[in-house]
Structures are given as structure tokens and as C-alpha cells.
Amino acid sequence: MGVRPPSSGDDDEPESVEFGIAAVDARLKDAELSFPATKDDVAAELGHERIPYNVHGNDVALREMLAEVDVEEFRSRQELLNELHGPFEEYRRNNSNGVFQQVRSMLPF
């Protein structure tokens, strides 16, 4: 998941805001983690990382999201991301700040 922030009117291309599994993927690319990897391996390497779960920068520890995954070993980075997708979506839904915040998160600005 990622959303481009609104342009400030300058000619510079804005950077995208990464959240959810897109933010996890970015951290995995920088991590020294090889696959297959166990849930404990991932937690040891990245469990302390705070991962934004929405465009507003609200975050959650990756260790907390890993606890919601039933699989104990991931054969690939993509398998890990697939398993984390559901927990991140549920966390985002359960931790939104009401209807206004939900509507705001869908708007492109």
C-alpha cells in the first residue's frame, strides 16, 4: 500500500508515502534477512520496527503484526508479505478514528 502525497506546487516529484505491507517490503529490502525464514527470524531482524498502517503515519510494531500470522516459516519475501496483508488490513480497520478518518484516508489529498 502506498499513496502519493499532494503536490506542493513545485516541480519536484513527490515521494510516495509507504504504509502497510509496502512499508514492510521497503524495510525487508534493507534488512539482512534471507528466505526461507521463520517468524522468529523476521521478529529478531525487524520486529522492533514501527510500520505505518495508514496514510496518516499511525504505526504499529511489526512484531505485533507477526503475532497475528499463523504461519511459522516463510519460503519467500512475497509469502511473508502475503501473510501480513490480512493482519495489516484488519488492524487498519479496527484502529481507524471513525467515519471521518475513513473517508479522509480514501481522498487523494
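Everything below is about the structure printed above this text.
Everything in this summary refers to the structure shown in the same document. What you see is a predicted model; the values in this text were computed from it and never measured. Position labels on residues start from 1 in each chain and follow its written sequence. At least 70 in pLDDT is required for a residue's local features to be given in this predicted model, at least 80 for side-chain atom pairs to be given and counted, and no such filter applies to totals for whole chains, interfaces and linings, which use all residues. Values reported for side chains reflect all heavy atoms of the structure, with hydrogen atoms and water molecules removed beforehand.

## Let's talk about the packing of aromatic side chains
Stated precisely, the cut-off is as follows: Side-chain rings of Phe, Tyr and Trp, where Trp is taken by its six-membered ring, are said to pair if the distance between their centres is within 6.5 Å; with planes under 30 degrees apart they count as stacked, over 60 as edge-to-face, and otherwise as tilted. A run of DSSP states H or I qualifies as a helix once it reaches four residues; a run of E qualifies as a strand once it reaches two. Both are numbered from the N-terminal end. Burial classification: accessible surface area is computed with a 1.4 Å probe over protein chains only, and a residue below 20% of its type maximum counts as buried, one above 50% as exposed, and the rest as partly exposed.
As enumerated under the stated definition, the model contains one aromatic pair in all. Ring centres 4.9 Å apart and planes at 85° place the aromatic pair Y53 and Y91 in the edge-to-face group. In this pair, Y53 is assigned in the loop between β4 (50-52) and β5 (59-61) and Y91 in helix α4 (residues 77-94), connecting sequence segments 38 residues apart. Across the pair, exposure class does not vary: Y53 and Y91 are buried alike.

## A few points about unusual backbone geometry
That bond from F35 to P36 is cis: its omega, 5°, falls within 30 degrees of zero. Relative to the assigned elements, P36 resides in the loop between α1 (21-30) and β3 (37-38).

## A short note on the packing of α1 against α4
So the rule is basically this: Only the stretch in contact is used when fitting a helix axis, every axis being a line fitted to C-alpha atoms; angles between N-to-C directions are given from 0 to 180 degrees. The cut-offs work like this: below 35 degrees is roughly parallel, past 145 is roughly antiparallel, 65 to 115 is roughly perpendicular, and the gaps in between are oblique. Take the far helix as your reference; a near helix turned counterclockwise from it by less than a right angle gives a left-handed crossing, and one turned clockwise gives a right-handed crossing. We call two residues in contact when some of their heavy atoms are within 4.5 Å. Nonpolar residues are Ala, Val, Leu, Ile, Met, Phe, Trp, Tyr, Cys and Pro. Charged residues are Asp, Glu, Lys and Arg, and all others, Gly as well, are polar.
Relative to each other, α1 and α4 sit at 150°, their axes nearing to 9 Å. For the element pair α1 / α4, the angle class is roughly antiparallel. In this structure, α1 crosses over α4, and the sense of that crossing is right-handed. Mapping the contact onto sequence places I21, V24, D25, L28 and K29 in α1 and R77, L80, L81, L84, H85 and F88 in α4. A per-class count over the contact of α1 with α4 returns seven nonpolar, one polar and three charged.

## What about the nonpolar core?
Let me state the cut-off plainly: In this description, a nonpolar core means a group of buried Ala, Val, Leu, Ile, Met, Phe, Trp, Tyr and Cys residues linked to one another through side-chain atoms lying within 4.5 Å.
Counting 23 residues, the largest nonpolar core has V24, V42, L62, L84 and F88 as the members making the most contacts within it. Mapped onto this core, the elements with two or more residues apiece are α1, α2 (39-46), α3 (62-66) and α4. No other element matches the five residues that α4 contributes to this core. Those residues in contact with L84, other than ones at most four positions away along the chain, are I21, V24, L62, M65, L66 and V69.

## Considerations on α1
When α1 is considered as a whole, its buried residues turn out to be I21, A23, V24, D25 and L28. Buried residues along α1 sit in contact with β2 (17-18), α2, β4, α3 and α4.

## Here's the deal with the pattern of salt bridges
For clarity, the threshold we go by: We count a salt bridge whenever a side-chain nitrogen from Lys or Arg sits within 4 Å of a carboxyl oxygen from Asp or Glu.
Inspection of the entire model under this criterion finds seven salt bridges. For K29, the salt bridge identified is with D25, shortest N-O distance 3.6 Å. In this pair, K29 and D25 are both assigned in helix α1, four residues apart and thus about one turn of the helix distant. In this structure, R50 and D59 form a salt bridge, with 3.0 Å as the shortest nitrogen-oxygen distance. Taking relative accessible area as the criterion, D59 reaches 32% and is therefore assigned partly exposed. Salt bridges sharing partners connect three or more residues here, namely D25, K29 and R77.

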